Amino acid sequence: MTENVKTMEVEKQEVTATEDTERTRDCRCFVPRADIYEVDDQIVIVADVPGADENSIEVTLEKNILTINAYVEPIAPEGYSLAFAEYEVGDYQRSFRLSNEIDRDKIQATVKDGVLRLYLPKAASALTRKISVKAG
Amino acid sequence: MMYRRYRLSPMWREMDRLQREMTRMFDEFSPFRLRVAPAYPALNVWSKDDALLVTAELPGVSSEDIEVSVVGETLTLSGERKPDELKNGARYHRQERGYGKFSRTLQLPFPVKVEDIEASFRNGVLHIYMPRAEEDRPRKIAVKTA
């Protein structure tokens, strides 16, 4: 099922706590909005993680679950008080189940302007091969 | 003060109950009822006596595409979030991130010193620092003993 959103949403969806795990950090945790697209030989996951940089993002791959964890320190400027708030700052967490056709050793991740991009190249065995038809 | 007590018919008691029920129902749903389409981007405003700090999360917008302007006591924030340029043959499996132009105006609580406004954009988060105009700052008045 593909979900397509054409407008920019401001509402952040919070991670629902599963029964057997609890967060150890005392701040909110959100599910980052993500786009997933496929170009020729790779799958690209694009996720919004505003406030996180290359040092505060962790991408882990365990078995076939790819998990993104981004830690964002909430700001509290000295001497200021929050007069008006429309959004909350918190961590981001999201997991994706990868299919077997991804080449696990060649996954790359970049972050720019609060957007994380994961490049998941397809394994050579999964690439489409053209089979030439000979006249027989 | 004296209250005169009337004998209420059971019908009125029932009407009162219905009214309470309705009020409760409206209260319960009011957050949804009052909710309007939220404007993009969401803003947080921090304030102190002599300055304001406005922050906004704008992931995927490049700093050249953000425009901040202050006219009088109104802050306008506008810009555009561009979609990824995709090669031919690319197809989306899932698309949750929107894109497009946005514009937001905010009424400031006090006049600001326009020449000293500083805006920075880091990791997709915009910070706009606005010091309060000198002539508008609160002044301490010494109380003299007569």
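A brief structural summary. These numbers come from a predicted model, not from an experiment.

## Observations regarding the overall build of chain A
Next, step 1: From N to C terminus, chain A includes zero helices and ten strands.
Next, step 2: Secondary structure of chain A in N-to-C order comes out as β-β-β-β-β-β-β-β-β-β.
Next, step 3: Out of the 136 residues belonging to chain A, those deemed buried represent 37%.
Next, step 4: Summarising the internal contacts of chain A: among those between residues at least 6 apart in sequence, 54% fall at separations of at least 24.
Next, step 5: As displayed, chain A has an accessible area near 8,900 Å², and 47% of this comes from carbon and sulfur atoms.

## Let's talk about the interface of chain A and chain B
Next, step 1: Each side of the interface is counted separately: chain A has 49 residues, and chain B has 51 residues.
Next, step 2: With both sides pooled, the region where chain A packs onto chain B buries about 4,400 Å², and carbon together with sulfur makes up 52% of that total.
Next, step 3: Where chain A meets chain B, there are seven salt bridges.
Next, step 4: Of the charged contacts in the structure, one is a salt bridge between arginine 97 of chain B and aspartate 48 of chain A, with a shortest N-O distance of 2.7 Å.
Next, step 5: In this assembly, chain A and chain B are joined by 22 residue pairs in polar contact (both at pLDDT 80 or more).
Next, step 6: Elements represented by at least two residues in the side of chain A that touches chain B include exactly β3 (34-39), β4 (42-48), β7 (81-85), β8 (90-97) and β10 (115-121) of chain A.
Next, step 7: By residue number, the principal contributor to the side of chain A that touches chain B is β3 of chain A, which donates six residues.
Next, step 8: Across the side of chain A that touches chain B, the residue classes tally to 25 nonpolar, seven polar and 17 charged.

## Some remarks on the pairing of strand β9 (residues 108-112) of chain A
Residues and elements named next belong to chain A.
Next, step 1: Here β9 pairs with β10 via five bridges, running antiparallel. By the bridge assignment for β10, lysine 112 is matched with valine 115.
Next, step 2: Hairpin connection from β9 to β10: two residues lie between these consecutive antiparallel strands, with aspartate 113 at a positive phi of about 50 degrees.

## Some thoughts on the sheet that holds β9 of chain A
Next, step 1: Read across the open sheet, the five strands follow the order β9(A)-β10(A)-β4(A)-β3(A)-β5(B); overall the sheet is antiparallel. Unpaired on one side and paired on the other, β9 of chain A together with β5 (91-95) of chain B mark the two borders of the sheet. Each strand axis lies, on average, 15 degrees off the axis of its neighbour in the sheet, ignoring direction.

## Quick notes on a nonpolar patch on the surface
Next, step 1: Together, Met11, Trp12, Met15, Leu18, Met22, Met25 and Phe26 of chain B give the surface a local cluster of nonpolar side chains, amounting to about 700 Å² of exposed area.
Next, step 2: With respect to the helices, strands and loops of the structure, methionine 11 of chain B is situated in helix α1 (residues 10-33).

## Observations regarding the packing of aromatic side chains
Centre-to-centre distance and the angle between the planes together describe a pair of aromatic rings.
Next, step 1: On inspection of all chains with the given rule, the structure shows three aromatic pairs over all chains.
Next, step 2: Ring geometry for tyrosine 37 of chain A against tyrosine 92 of chain B: centres 5.4 Å apart, planes inclined by 70 degrees, an arrangement best described as edge-to-face. Placement of the pair is tyrosine 37 of chain A in strand β3 and tyrosine 92 of chain B in strand β5, with the two residues belonging to separate chains.
Next, step 3: When its relative accessible area of 7% is taken as the criterion, tyrosine 37 of chain A is described as buried.
Next, step 4: An angle of 70 degrees between the planes, with centres 5.4 Å apart, marks the rings of tyrosine 40 of chain B and phenylalanine 102 of chain B as edge-to-face. Taken together, the residues span a long stretch of sequence, with tyrosine 40 of chain B in the loop between α1 and β1 (43-48) and phenylalanine 102 of chain B in strand β6 (residues 100-107) at a distance of 62 residues. Pair check on accessibility: tyrosine 40 of chain B and phenylalanine 102 of chain B agree, each one buried.
Next, step 5: One residue, arginine 132 of chain B, lies across the ring of phenylalanine 110 of chain B, its end atom 4.2 Å from the ring centre.

The rules we used
- Residues numbered from 1 in each chain as written.
- Chains lettered and ligands numbered in written order.
- Predicted model: local features only at pLDDT ≥ 70, side-chain atom pairs only at ≥ 80, totals over all residues.
- Heavy atoms only, no water.
- Helix = DSSP H or I, 4+ residues; strand = E, 2+ residues; numbered from the N terminus.
- Buried < 20%, exposed > 50% of the residue type's maximum accessible area, 1.4 Å probe, protein only.
- Contact = heavy atoms within 4.5 Å.
- Areas by Shrake-Rupley, 256 points an atom, 1.4 Å probe, with all protein chains shown as cover.
- Buried area = accessible area lost by both parts, 1.4 Å probe.
- Salt bridge = Lys/Arg side-chain N within 4 Å of Asp/Glu carboxyl O.
- Polar contact = N/O pair within 3.5 Å; in protein donor to acceptor, adjacent residues only side chain to side chain.
- Nonpolar A, V, L, I, M, F, W, Y, C, P; charged D, E, K, R; others polar.
- Pairing = 2+ DSSP bridges.
- Axes fitted to C-alpha atoms, helices over the stretch in contact; angles between N-to-C directions.
- Patch = residues over 30% accessible without salt bridge, like charges linked within 9 Å, V, L, I, M, F, W, Y side chains within 5 Å.
- Phe/Tyr/Trp six-rings, centres within 6.5 Å; stacked < 30°, edge-to-face > 60°.
- Lys NZ or Arg CZ within 6 Å of the ring centre and 35° of its normal.

Interpretation note: all reported values are geometric properties and have no functional meaning in isolation.
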